[in-house]
Amino acid sequence: MALKRWLDRITLLDLFDGLSVTGRHLFKKKVTIEYPEQKKLPSDRFRGMFRLDEERCIKCTLCAIECPINIIYIDWHNEKNAEGKNEKVLDRFDVDLKRCMFCQLCEEACPTVPKSIWLTTKTYEMAAYERNEALYLDIRKLTDWNAAPNVKPFTVVERG
Amino acid sequence: MNLPPEFWTYLKVVLLVATVPAIVGFVIVLAERRIMGFMQVRLGPNRVGPQGTLQGLADLLKLVTKEDITPARAERAVHFLSPVLAVIPALTALAVIPFGPPIRIGKQMVPLWVADLNIGLLFLLAITSIGVYGIILGGWSSNNKYSLLGGLRSAAQLVSYEVPMGLSLVSVLLMTRSLSLVEIVRRQESTHLWFVFPGLVAFFIYFVSGVAETNRNPFDLPEAESELVSGFNTEYSGVKFAFFFLGEYTGMIVISCIAVTVFFGGWLPPFSHVPALAFLGFVPGAVWFLLKVAFFIFCYIWFRSTFPRYRFDQLMALGWKWLIPISLANILAVAFAILLTPRRTNGLVALSWIYGGLFVMMFLLSKLRRALVRRDRLAASGPAEAGAEV
Amino acid sequence: MSDEPISQAEKDEAVYFAERAKAQGAASPGAAPEAPAAHTLFDVQEMELNFGPQHPSTHGVLRLVLKVDGEKILEVKPDVGYLHRGTEKLFETETYPMGIPHTDRLDYIAAATNNHAFCLAVEKLLGVEIPRRAQLIRVILDELQRISSHLVWLGTSGIDLGAVTPFWYAFREREQILDFFEEYCGARLTLHCMRIGGLPFDLTPGWTDRVSEFISDLPARIDDYEQLLTDNRIWKRRTVGVGVISGEECIEWGLTGPVLRASGVEWDLRRAKPYECYEELDFVVPTRQGGDTYDRYIVRVQEMRQSARIVRQCLDRLEPGEIRGKVPRVIKPVAEEVYASIEAPKGELGFYCVSNGTNKPYRMHVRPPSFINLQALPRLAKGHLVSDLVALIGTIDIVLGEVDR
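As the structure is a computational prediction, the values presented were derived from the model and not from experiment.

Draft legend 1. Here's a closer look at the overall build of chain C. In terms of helices and strands, chain C carries 16 helices and six strands. In chain C, which comprises 405 residues, the proportion classed as buried is 50%.

Draft legend 2. How the structure looks around the pairing of strand β3 (residues 86-96) of chain A. All names here are of chain A. Both strand β2 (residues 72-80) and β3 contribute to a ladder of nine bridges, which runs antiparallel. Paired with H77 across the strands is V89, a residue of β3. Hairpin connection from β2 to β3: five residues lie between these consecutive antiparallel strands, with G84 at a positive phi of about 85 degrees. Across two bridges, β3 lies against strand β5 (residues 136-137) in antiparallel orientation. By the bridge assignment, D96 is partnered in β5 with Y136.

Draft legend 3. Representation of the packing of helix α4 (residues 120-140) of chain B against helix α5 (residues 145-176) of chain B within the structure. Axis separation between α4(B) and α5(B) bottoms out at 8 Å; the angle between their running directions is 175 degrees. Considering the angle they form, α4(B) stands roughly antiparallel to α5(B).

Draft legend 4. Quick peek at the environment of W320(B). Residues and elements named next belong to chain B. Among the structural elements, W320 can be located in helix α10 (residues 312-340). Judged by local crowding, W320 falls into the partly exposed class, with 14 C-beta atoms found within 10 Å. In the structure, W320 is positioned 271 residues away from G49 in sequence and 45 Å away in space, judged by C-alpha atoms.

Draft legend 5. Inspection of α5(B) at higher detail. Helix length check: α5(B) (32 residues) gives 46 Å between terminal C-alpha atoms against 46 Å at 1.5 Å per residue, within 8%. Backbone geometry just downstream of α5(B) places R177(B) in the positive-phi region, at approximately 55 degrees.

Draft legend 6. Just the sheet that holds strand β6 (residues 361-367) of chain C, in detail. Residue and element names in this part refer to chain C. The strand order across the open sheet built from three strands is β4-β5-β6, with neighbouring strands paired in antiparallel fashion. Bordering the open sheet on either side are β4 (337-344) and β6, each of which pairs with just one other strand. Sheet twist, expressed as the average angle between the axes of neighbouring strands with direction ignored, equals 15 degrees. Packed onto the sheet, helix α4 (residues 111-126) meets β4 and β5 (347-355) and runs at close to 150 degrees relative to β4.

Draft legend 7. Representation of the domain arrangement of chain C. All names here are of chain C. When its domains are assigned, chain C resolves into domain 1 (8-77) and domain 2 (87-404). The interface of domain 1 with domain 2 comprises 13 residues on the first partner and 16 residues on the second. Broken down by element, the side of domain 1 that touches domain 2 gets its largest block of residues, five residues, from strand β3 (residues 72-79). In the side of domain 1 that touches domain 2, the residues fall into five nonpolar, four polar and four charged.

Draft legend 8. Layout of the interface of chain C and chain A. Each partner contributes to the interface: chain C provides 20 residues, whereas chain A provides 20 residues. Among the secondary structure elements, those contributing two or more residues to the side of chain C that touches chain A are α3 (96-104), α6 (165-185) and α7 (207-229) of chain C. Looking at the side of chain C that touches chain A element by element, the count peaks at five residues for α6(C).

Draft legend 9. Focus on the packing of α6(C) against α7(C). All names here are of chain C. For the pair α6 and α7, interaxial distance at closest approach is 10 Å and the crossing angle is 165 degrees. Classed by the angle they form, the pair α6 and α7 counts as roughly antiparallel. Crossing of α6 against α7: the hand is left-handed. Along the contact surface, α6 presents T165, P166, Y169, A170, E173, Q176, F180, E183 and Y184, while α7 presents W207, R210, V211, F214, L218, R221, D224, Y225, L228 and L229. A per-class count over the contact of α6 with α7 returns 12 nonpolar, two polar and five charged.

Draft legend 10. Representation of the environment of E88(C) within the structure. Within the secondary structure, E88(C) sits in helix α2 (residues 87-93). As a C-alpha pair, E88(C) and G206(C) span 118 residues in sequence and 38 Å in three-dimensional space.

Draft legend 11. View of the sheet that holds β2(A). Strand order in this open sheet of three strands is β2-β3-β5 (chain A), and the pairing throughout is antiparallel. This sheet does not close on itself; its edge strands, each paired only once, are β2 and β5 of chain A.

Draft legend 12. Main features of the nonpolar core. Ranked by internal contacts, the top residues of the largest apolar core, which has 199 residues, are A259(B), A121(C), V122(C), L377(C) and L392(C). Here this core takes 16 residues from helix α8 (residues 239-263) of chain B, the largest share from any one element. When neighbours within four sequence positions are excluded, A121(C) is seen to be in contact with V338(C), A340(C), F351(C) and C353(C). By size, the runner-up hydrophobic cluster in this structure holds 22 residues, among which are L97(A), W118(A), W145(A) and V151(A).

Draft legend 13. Looking closely at the pairing of β5(C). All names here are of chain C. Within β5, seven of the nine residues are buried, which leaves it mostly tucked inside the rest of the structure. Where β4 lies against β5, eight bridges are found, and the strand directions are antiparallel. Directly across from S341, in β5, lies its bridge partner G350. If you look at the hairpin formed by β4 and β5, you'll find two residues sitting between the two strands. Where β5 and β6 come together, six bridges link them in antiparallel fashion. By the bridge assignment, Y352 is partnered in β6 with H365. Linking β5 back to β6 in an antiparallel pair, the connection comprises five residues, with G357 at a positive phi of about 90 degrees.

Draft legend 14. The environment of L117(B), seen in detail. Residues and elements named next belong to chain B. Structurally, L117 is set in the loop between β2 (108-110) and α4. A tally of 17 C-beta atoms within 10 Å means that L117 is categorised as partly exposed. In this structure L117 touches V96, F123 and S180, once residues within four positions along its chain are discounted.

Definitions and limits used
- One numbering rule holds for all chains: residues counted from 1, following each sequence as written.
- Working convention: letters from A go to chains and numbers from 1 go to ligands, in the order in which they are written.
- Per-residue local features of the predicted model are confined to residues with pLDDT of at least 70, and side-chain atom pairs are confined, for both listing and counting, to 80 or more; whole-chain, interface and lining totals are unaffected and use all residues.
- Note on conventions: DSSP H or I runs of at least 4 residues are helices, E runs of at least 2 residues are strands, and numbering of each starts at the N terminus.
- Residue burial here comes from a neighbour count, namely the number of other C-beta atoms, placed from the backbone, that lie within 10 Å of the residue's own C-beta, with 20 or more meaning buried, 12 or fewer meaning exposed, and in between meaning partly exposed.
- Only strands that DSSP links by at least two bridges are regarded as paired with each other.
- Axes here mean lines fitted to C-alpha atoms, for a helix over just the part in contact, with angles spanning 0 to 180 degrees between N-to-C directions.
- Reported orientations rely on four angle classes, namely roughly parallel under 35 degrees, roughly antiparallel over 145, roughly perpendicular from 65 to 115, and oblique for the rest.
- Multiplying 1.5 Å by the helix residue count minus one yields the expected span of that helix.
- By the convention adopted here, residues make contact when the C-beta atoms placed from their backbones lie within 7 Å.
- Domain extents, as shown, originate in an automatic or database domain assignment.
- Under this grouping Gly is polar, as are all residues other than the nonpolar Ala, Val, Leu, Ile, Met, Phe, Trp, Tyr, Cys and Pro and the charged Asp, Glu, Lys and Arg.
- Left-handed describes a crossing in which the near helix is turned anticlockwise from the far one by less than a right angle; the clockwise case is right-handed.
- Nonpolar cores are identified as sets of buried Ala, Val, Leu, Ile, Met, Phe, Trp, Tyr and Cys residues joined via C-beta atoms within 7 Å.

As structure tokens, then:
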């Protein structure tokens, strides 16, 4: 529109418009969340730190098969239990957290109800000063987070 | 006891040199980061002291303890001296600026300026031109062709924008017939007319040139971070970088102080001649001066957070093709207004009304323009989206 | 210039440069025969600059080798591959469902669209029908991702050109979108929010209300960005006339997405080859005729508004239902090849899948819009200044994850 173009040239109003936008925002509510005093609450489905429940696990190794990066290492052997039947016993259940992409395929593959391995723990603070030991989770660290000092649980969510 | 006037001069110089860098480092840097943050709906730095007040100290400590690097084949002496050359002119320019009316200390009247040169404005323009040396030599002495380019571009920008700055101040000169800054403030007092009103166009040109003079957004291409190089101060670290930084911010203060003194009445409270508002005179003149300067620094920060930056050729075109002709025309208009009613201010008052009227008309045109924009946007988004349906 | 006699050394130099220029002129047969510029004793040398992989404005690890003449760009050679992770090879070693998390990392700004395209390709192979509720929710997720991706583009483009505040405003909106995704599927960036046959989860209670509120607030926010940028004379000076490309050239180069639509070609896969439930939705495909950076900016901002409209319509049409079609537990499609593409925020994102009857694809090739749009950068940048190069990279809107895979 010719009128608008003419108006644009002689007035500086586009500049004042821009200034008014930033000027208005000077008084609006600020969106900063001052971590660590204030934290955002993760949602229920948030994919965070792993947790394993050894009793529920039936050692089917489906989670290890489904993992796209093959970072779950499971070893088990057969043992005779109290009733004389064969029972699988876990030797090793390691998750290499350094390479995990938190895709939740392992949790989806787990056939038990409720799941034996789950990520929906609302915990994301797992930083450590050195990588190799702290971010390689063996079965102790997976089942009982006290053994993993770098994990700061938001809430310990037990699958009920 | 009667202290000799030299004592007061030296004391004022010491106070200026001691406090202005401190104010820059502690107040302006923090204010810029906090205010820019607030305009960007976030909090700025607020961790270091209460509400972040010690952030300047943290920055200062960081810069001072950094390793001082001089590039291998750089000219050591020039590399060492160019930050100094960038700071000293800016600090020196503060010598002629009147910060307030003379105050009574003991039995003496002590003026709140270091020196009242009768060529004050000319001195200021000259001193800021020397500041350009710091930038050119800084860029050249780094032995880095990109720094050199950045420094040369910056210098070209500074030199080009001094012309409209000077010309807009000339139009004020016509109103006061004196270059002395104290005289300019006194004239504004006696004619009851702040020179921003007849010199509205001059003020805008002056402030835009001032922003360009200090390499600030929207004219900060020579030192922008997203360009290929960081400009002339790429190879400087530590205290030398702190000096360049200090020089830039002190330049901001100087430009704001000049704008306040020349256009906004210096230390005068608003409406100083209206008896009903005489209570405003209870606030000391120096405080009024500081408030006005603070407002201009806020404008600097406001510009930085709002506008994109000009490309270098567009920047030069703006200065040479637009600002200079407009400032020349403005000189003619002011001269005409003065000649209409010599020895009286009526001509200038009439000019102020004309400029004010134009400004108001611009605002009314903006409403029209915004209506046109909204109509265009609705037409472009499709017929179904009428009003705020989405 | 003084009138001293020219020394023999200077004469030799002039002759040397003249011969070199002639030799260079003769060596490029396709170039138009230009007369060499009048030779002064100062010859112009081109500079070769490296716009390195680490640079604040290249939106990722992109290396550009520039040949500049002073400030003017003569040639741009993109050097990509710094983010190559072998995604297409990874697809071949894993089963189909295991490949979906890898697609998140292609265009990591708009992960749901990547998942969507992959799932569409596999569903086409299997012949699965997707239930209506799943279709609607997929469209909602896609359009939210489109808004999110364009917000990132707006913010980063602004910063490159000096306008630092739209970035923060845009990310304030994007934060809300990321919260919606986190509530839905558990992650903010690498979403893994679609499965073969439909969706993994149903919506949480209240999700639709929150999205609806966000969508109602969005046009006012976009008005804010427009007030800051669209009519700003400095913004227009930096973007109008920069990087002009015509519609025919776009088609020749294979460019898609907003780049194509800003050059006058009204081609949008959502309209031309509708997938999911786009046929029944009412929206405008923003098209501009100019083909420069400003037009691309306007097109993307309008697309944000249109996405908001689409989400509103989908929310209104949501009904309870299934969220996943009938898919076998082990996915072993018939041995054939298929190509499925969607309109991703950056352009046409397609997956070409060849299956050989096993549960792993034989070949899964990605048609990355950013990679193909990046080809046009040398063509766009020719003749512009180095300061414009930054604007051009922003306007093509590339994500290195997609360029390099």
